[in-house]
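Structure assessment
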Amino acid sequence: MLSFLYFIITNNSIQLFFNKKQDNIRLTLFRASEQLIRSATSANNITTYAFELPPLATGVYMLQLINKKMAYSKKIFIAASY
């Protein structure tokens, strides 16, 4: 089960924190227009993960986390810092 606790957006990553160890989470970030920005798969037995980001324009994005048993999607706003 995906046991997601919270996340923090920084200039170049999204820091994810889980309250239970997680295995092989597929992380995907899309623009609001559904254009894929980045995807990655986590390692096993993690409680934190840094999802590295390319430089992004200010806007609305969709963050998806998927594992074998569950899926989680969250609309997020990222403000570009120049």
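Use the structure listed above.
In this report, the structure presented in the accompanying data block is examined. (Residues numbered from 1 in each chain as written. Predicted model: local features only at pLDDT ≥ 70, side-chain atom pairs only at ≥ 80, totals over all residues. Heavy atoms only, no water.)

**Notes on the sheet that holds strand β7 (residues 71–78)**
Strands in a sheet are paired, the pairing made by backbone hydrogen bonds, and the direction either parallel or antiparallel. Just so we agree on the cut-off: A pair of strands is labelled paired if DSSP reports no fewer than 2 bridges between them. A run of H or I in DSSP counts as a helix once it spans at least four residues, and a run of E counts as a strand once it spans at least two, with each numbered from the N terminus. Only the stretch in contact is used when fitting a helix axis, every axis being a line fitted to C-alpha atoms; angles between N-to-C directions are given from 0 to 180 degrees.
As summarised here, the arrangement of the 4 strands in space is β4-β3-β6-β7, forming an open sheet in which the pairing is antiparallel. The strands lining the two open edges of the sheet, one partner per strand, are β4 (36–41) and β7. Ignoring which end each strand starts from, the neighbouring axes of this sheet average 15° apart. Where strand β3 (residues 26–31) lies against strand β6 (residues 59–66), 6 bridges are found, and the strand directions are antiparallel. From the neighbouring strand, L27 faces β6, where its bridge partner is L65.

**Considering the packing of aromatic side chains**
Rules: Each Phe, Tyr or Trp ring, with Trp reduced to its six-membered ring, pairs with another whose centre is within 6.5 Å; inter-plane angles below 30 degrees give stacked pairs, above 60 give edge-to-face pairs, and intermediate values give tilted ones.
Tallied over the entire structure, the rule returns 1 aromatic pair. Aromatic side chains Y6 and F17 sit 4.7 Å apart centroid to centroid with 15° between the ring planes, which places their arrangement in the stacked category. Here the residue Y6 occupies a position in strand β1 (residues 4–9), and F17 occupies one in strand β2 (residues 13–22), the gap between them amounting to 11 residues.

**A short note on the side chain of N67**
Put simply, the rule is: In the analysis that follows, any N or O atom pair within 3.5 Å is treated as a polar contact, provided that within protein one partner can donate a hydrogen and the other can accept it, and provided that, for residues neighboring in sequence, both atoms belong to side chains.
Take N67: it is sitting in the loop between β6 and β7. From its side chain, N67 meets the backbone nitrogen of K69 in a polar contact 3.0 Å long. At a separation of 2.8 Å, a polar atom in the side chain of N67 contacts the main-chain amide nitrogen of M70.

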